[in-house]
Amino acid sequence: MHRHSVAELALTFGTPGNPSVVVVHDSFGRLPYLESYAQALANRNFYVVVPDLFNGLATIEAEGADELRGDIDIGFALATLEDAVELGRGHGFDGAPDASIRAHSTKVGVLGFEVGGWLALRLAQAGSVDAVVAYAAGLHDDEPGIVPCPVLVNFCDTGEWGAGFEADSFVSRLKEMGTPVNRHAYTGTTSFFANATLLDRLDKNAAALAFARSTYFLQEQLEG
């Protein structure tokens, strides 16, 4: 199967030269709300890369999302995200940042929703990013390894990454490893509370607060 380059499939937003953020979609795929989310980040002086891990497939049905998540090739997904990080670091150019950009930042953060948050954390373990934000995601006890950059987690209220043992254990492990971690939880929310295409799952107030916190965190970690 031909593997398209990230440059072919990724959406990009913002001004080359700004710090970069790779945004990773959830199990429903790269739905339209992500363009608005990425543009909102770009408006706050980030260069944003939004890759597609599902080769153009997306759904608004829970059953379809379960199928897409079940079909993820982890190695392929992480390699795609590594390419997206390099695209961000090069501000849309393969390799080093383009020489025509006189003032540029090569710092890159990664922000992921649900399964995208899990993949963002897995990617961060490789040491290739400067900050990571995960929505409704974490690493289980059988996924050991240091996360060598600051982490912000936006936990939901119900589900696997709500206010339960798994979430507590993950945050505790990060702290024990010396990883700077910011933890927030949003009352009454489910795993897809920030997916604005899924109106029945969206919590507008929680999503707006999580966006504000995530943006501030990324500015703090990537600027300067």
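Residues numbered from 1 in each chain as written. Predicted model: local features only at pLDDT ≥ 70, side-chain atom pairs only at ≥ 80, totals over all residues. Heavy atoms only, no water.

**Describing the side chain of Asp 26**
- Mapped onto the fold, Asp 26 is located in the loop between strand E2 (20-24) and helix H2 (33-42).
- There is no salt bridge for the buried Asp 26, and the closest opposite charge comes from Arg 201, which lies 8.3 Å off by N-O distance.
- One polar contact links the side chain of Asp 26 to the main-chain amide nitrogen of Phe 28, over a distance of 2.8 Å.
- Here Asp 26 is in contact with Tyr 33, Phe 54, Phe 113, Glu 114, Val 115, Gly 116, Phe 192 and Asn 195, once residues within four sequence places are set aside. (Helix = DSSP H or I, 4+ residues; strand = E, 2+ residues; numbered from the N terminus. Buried < 20%, exposed > 50% of the residue type's maximum accessible area, 1.4 Å probe, protein only. Lys, Arg positive; Asp, Glu negative; His and termini not counted. Salt bridge = Lys/Arg side-chain N within 4 Å of Asp/Glu carboxyl O. Polar contact = N/O pair within 3.5 Å; in protein donor to acceptor, adjacent residues only side chain to side chain. Contact = heavy atoms within 4.5 Å.)

**Here's the deal with the nonpolar core**
- By size, the foremost hydrophobic cluster in this structure holds 40 residues, and its most contacted members are Val 22, Val 110, Val 132, Val 147 and Phe 170.
- Those elements that provide at least two residues to this core are E2, strand E3 (47-50), helix H4 (74-89), strand E4 (108-113), helix H5 (115-124), strand E5 (131-135), strand E6 (151-155) and helix H6 (165-176).
- When residues in this core are grouped by element, the largest group, 7 residues, is from H5.
- With sequence-adjacent residues up to four places away left out, Val 132 is seen in contact with Val 110, Ala 120, Leu 121, Ala 124, Val 147, Cys 149, Pro 150, Val 151, Leu 152 and Phe 217.
- Membership of the second largest hydrophobic core comes to 37 residues, among which are Val 48, Tyr 135, Leu 202 and Leu 222. (Core = buried A, V, L, I, M, F, W, Y, C linked by side-chain atoms within 4.5 Å.)

**Overview of the pairing of strand E7 (residues 181-185)**
- Note: E6 against E7, 5 bridges, orientation parallel. Its bridge partner lying in E7, Val 153 is registered against Arg 183.
- Tracing the backbone out of E6, into H6 and back to the parallel element E7 gives a crossover that is right-handed. (Pairing = 2+ DSSP bridges. Right-handed = clockwise from strand over helix to strand, strands pointing away.)

**Details of H2**
- The buried fraction of H2 is high, at 7 of 10 residues.
- Among the residues making up H2, those that are buried are Tyr 33, Leu 34, Tyr 37, Ala 38, Ala 40, Leu 41 and Ala 42.
- Looking at the buried residues of H2, the elements they touch are strand E1 (11-13), E2, E3, E4, E5 and helix H7 (204-222).

**Quick notes on H7**
- The end-to-end C-alpha distance of H7, which contains 19 residues, comes to 26 Å, matching closely the 27 Å that a straight helix rising 1.5 Å per residue would cover.
- Buried within H7 are the following residues: Ala 206, Ala 207, Ala 210, Phe 211, Ser 214, Thr 215, Phe 217, Leu 218 and Leu 222. The buried residues of H7 occupy an angular sector of 170 degrees when projected down its axis, which confines them to one face. Every exposed residue of H7 that faces more than 90 degrees away from the buried side is listed here: Asn 205 and Tyr 216. (Expected span 1.5 Å × (residues − 1). Arc of directions from axis to C-beta.)

**Thoughts on the pattern of salt bridges**
- What the rule picks out here adds up to 5 salt bridges.
- The shortest N-O distance in the salt bridge between Glu 86 and Arg 89 comes to 3.4 Å. With Glu 86 and Arg 89 both in helix H4, this residue pair falls 3 residues apart, about one helical turn.
- Arg 183 is the partner of Asp 168 in a salt bridge, and the nearest nitrogen-oxygen pair spans 2.9 Å. Of this pair, Asp 168 sits in helix H6 while Arg 183 sits in strand E7; the two residues are 15 residues apart in sequence, bridging distant segments of the chain.
- Assessed through its relative accessible area of 37%, Asp 168 is described here as partly exposed.

**Brief notes about the side chain of Asp 52**
- Relative to the elements of secondary structure, Asp 52 occurs in the loop between E3 and helix H3 (62-70).
- Put simply, Asp 52 is tucked away with no salt bridge, and the nearest opposite charge, on Arg 30, sits 4.1 Å away.
- Polar side-chain contacts of Asp 52 include one of 3.5 Å to the backbone nitrogen of Asn 55.
- At a separation of 2.8 Å, a polar atom in the side chain of Asp 52 contacts the main-chain amide nitrogen of Gly 56.

**Section: the sheet that holds E1**
- If you walk across this open sheet you meet the 7 strands as E1-E3-E2-E4-E5-E6-E7, and the pairing is mixed. Of all the strands in the sheet, the pair left with one neighbour each is E1 and E7. Sheet twist, expressed as the average angle between the axes of neighbouring strands with direction ignored, equals 15 degrees.
- Direction of pairing for E5 relative to E6: parallel, over a ladder of 4 bridges. Of the residues in E6, the one forming a bridge with Ala 134 is Val 153.
- The strands that H2 touches are E1, E2, E3, E4 and E5; relative to E1, the one it contacts most, it runs at about 30 degrees.
- Seen against the sheet, H4 touches E1, E2, E3 and E4 and runs at an angle of roughly 155 degrees to E2. (Axes fitted to C-alpha atoms, helices over the stretch in contact; angles between N-to-C directions.)

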